[in-house]
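Tertiary structure, described
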Amino acid sequence: MKYDNFPKQTLLASPIALPSFYKGGDTAVLLIHGYTGIPHEFIYVAERLNKEGYTVYIPRLPGHGTSPEDFLQTNRNDWIRKVADTYMDLKSSHKEVYVAGLSMGGLLTILLAAKYDIPKIVLAAPALRTKNRKIYYTPFIKLFSRQIMRDENYTNPDKEMYKIGKVYWNRDYPPMAAELLKLQKMAEKELPNVKSSALTIVSKSDGTVPLEVKDIIEEKIGSGTKKTVVLEKSGHVLINDVEREKVADHIIEWFKK
């Protein structure tokens, strides 16, 4: 039997790309990483939340943190299904489940909150818009190119990060960016259906997501309780950047409020 959907060449997930689970109390927090991201990005926040008594789980989205071939076998429906399944699993064994997502993970958080009764959510640098205008051309570019190598050589002093980066982060993926574009449109359309108390965290130094996303959320989200935090120094992965302590403080305060 031939399995055409299996990638011919797959880099096994590095330890830092594997899902992470922290056992805590009867309130759980689902943390969702971003586009081309890995669970490792959320480790600091996860450990801080766990110290406060929360059970925390960071799943690995399908196709992420392995290889280009694997990544290109997935789509937005796989990512939505993964977070929905994970949320339902956590909900079946915990009194309450809160959700926080970074970038594309923020979009997936919006989609979850629009369908399920989630008390509190956090949207960290939610990618409802991106500064790179090329994303709007990806539905056409994907017809001619599935991978585009970047000019710069990927470097990282961390051996495991370098191992993933040299084969996974050193290129762009037009078909997958087109899937992200579809998620942007889906999430913005669903914002009025989100009734969760929502904390949005953005940064002035984010080179990927513009500050205008906070205005879109404040205007369109259906939540009656909402708050926005604007950071000064953090880059796009603000959950693990120079202000990560402040970010974790805000998230913990929001969930405990």
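Relevant structure appears above.
Computed from a prediction, not measured in an experiment: that's the story for all the values here.

Quick notes on the packing of helix H1 (residues 43–51) against helix H9 (residues 244–256)
It is the contact of H1 with H9, at a shortest axis distance of 10 Å, that shows an interaxial angle of 45 degrees. In terms of their interaxial angle, H1 and H9 are classed as oblique. Between H1 and H9 the crossing geometry is right-handed. Judged by residue contacts, Tyr44, Val45, Arg48 and Leu49 of H1 engage Arg244, Glu245, Ala248, Asp249, Ile251, Ile252 and Phe255 from H9. Looking at side-chain class alone, the contact of H1 with H9 contains seven nonpolar, no polar and four charged residues.

Comments concerning the pattern of salt bridges
Per the counting criterion, the structure on display carries 13 salt bridges. For the salt bridge of Lys115 with Glu190, the shortest nitrogen-to-oxygen distance reads 3.8 Å. Remark: Glu190 occurs in helix H7 (residues 174–190) and Lys115 occurs in helix H4 (residues 104–115); sequence separation between them is 75 residues. You can call Lys115 exposed: its relative accessible area is 61%. Judged by relative accessible area, Glu190 falls into the buried class, the value being 16%. With a closest N to O distance of 3.8 Å, Arg129 and Glu212 form a salt bridge.

Notes on H9
Compared with an ideal rise of 1.5 Å per residue, which puts 13 residues at 18 Å, H9 spans 18 Å between its outermost C-alpha atoms and is within 8% of the ideal. Looking at the buried positions of H9, the neighbouring elements they touch are strand E2 (27–32), H1, strand E4 (96–102), strand E5 (120–124), strand E8 (197–203) and strand E9 (226–231).

Some thoughts on the layout of surface pockets
Looking at the largest pocket, its volume works out to about 1,100 Å³. Lining the largest pocket we find 37 residues, and of these Tyr35, Thr36, Arg150, Asp172 and Thr208 sit closest to its centre. Of all the secondary-structure elements, those providing two or more residues to the lining of the largest pocket are helix H5 (138–141), helix H6 (159–169), strand E7 (171–172) and H7. By volume, the second largest pocket is sized at about 160 Å³. Taken together, Ile80, Ala84, Leu111, Leu112, Lys115, Tyr116, Met186, Lys189 and Glu190 make up the lining of the second largest pocket. Mapped onto the lining of the second largest pocket, the elements with two or more residues apiece are helix H3 (76–93), H4 and H7. Of the residues that constitute the lining of the second largest pocket, the class distribution is six nonpolar, no polar and three charged.

Side note on the side chain of Ser103
The topology assignment puts Ser103 in the loop between E4 and H4. Ignoring any residue separated from it by four or fewer positions in sequence, one finds Ser103 in contact with Gly34, Ala124, Ala125, Pro126, Ala127 and His236.

Here's the deal with the pairing of E8
Here E8 lies mainly inside the structure; seven of its seven residues are buried. Where burial is concerned, the two faces of E8 agree: the one with Ser197, Leu199, Ile201 and Ser203 and the one with Ala198, Thr200 and Val202 are both buried. Chirality of the crossover, the property in question, places the unit of E8, helix H8 (residues 212–220) and E9 among those that are right-handed.

With respect to the sheet that holds E5
The strand order E1-E3-E2-E4-E5-E8-E9 describes an open sheet built from seven strands, whose pairing is mixed. In this open sheet, the two strands that pair with only one neighbour each are strand E1 (20–22) and E9. Shown here is a sheet whose adjacent strand axes are inclined to one another by a mean of 15 degrees, direction ignored. On the sheet, H8 packs against E5, E8 and E9 and is oriented at approximately 175 degrees with respect to E9.

Reading the values: rules and limits
Residues numbered from 1 in each chain as written. Predicted model: local features only at pLDDT ≥ 70, side-chain atom pairs only at ≥ 80, totals over all residues. Heavy atoms only, no water. Axes fitted to C-alpha atoms, helices over the stretch in contact; angles between N-to-C directions. Helix = DSSP H or I, 4+ residues; strand = E, 2+ residues; numbered from the N terminus. Parallel < 35°, antiparallel > 145°, perpendicular 65-115°, else oblique. Left-handed = near helix turned anticlockwise from the far one by under 90°. Contact = heavy atoms within 4.5 Å. Nonpolar A, V, L, I, M, F, W, Y, C, P; charged D, E, K, R; others polar. Salt bridge = Lys/Arg side-chain N within 4 Å of Asp/Glu carboxyl O. Buried < 20%, exposed > 50% of the residue type's maximum accessible area, 1.4 Å probe, protein only. Expected span 1.5 Å × (residues − 1). 1 Å grid on protein atoms, 1.4 Å probe; cavity = no way out; pocket = protein on both sides within 12 Å on 5 of 7 lines; lining within 4 Å. Points joined across faces, edges and corners; volume = space filled by probe spheres on them. Right-handed = clockwise from strand over helix to strand, strands pointing away. Pairing = 2+ DSSP bridges.

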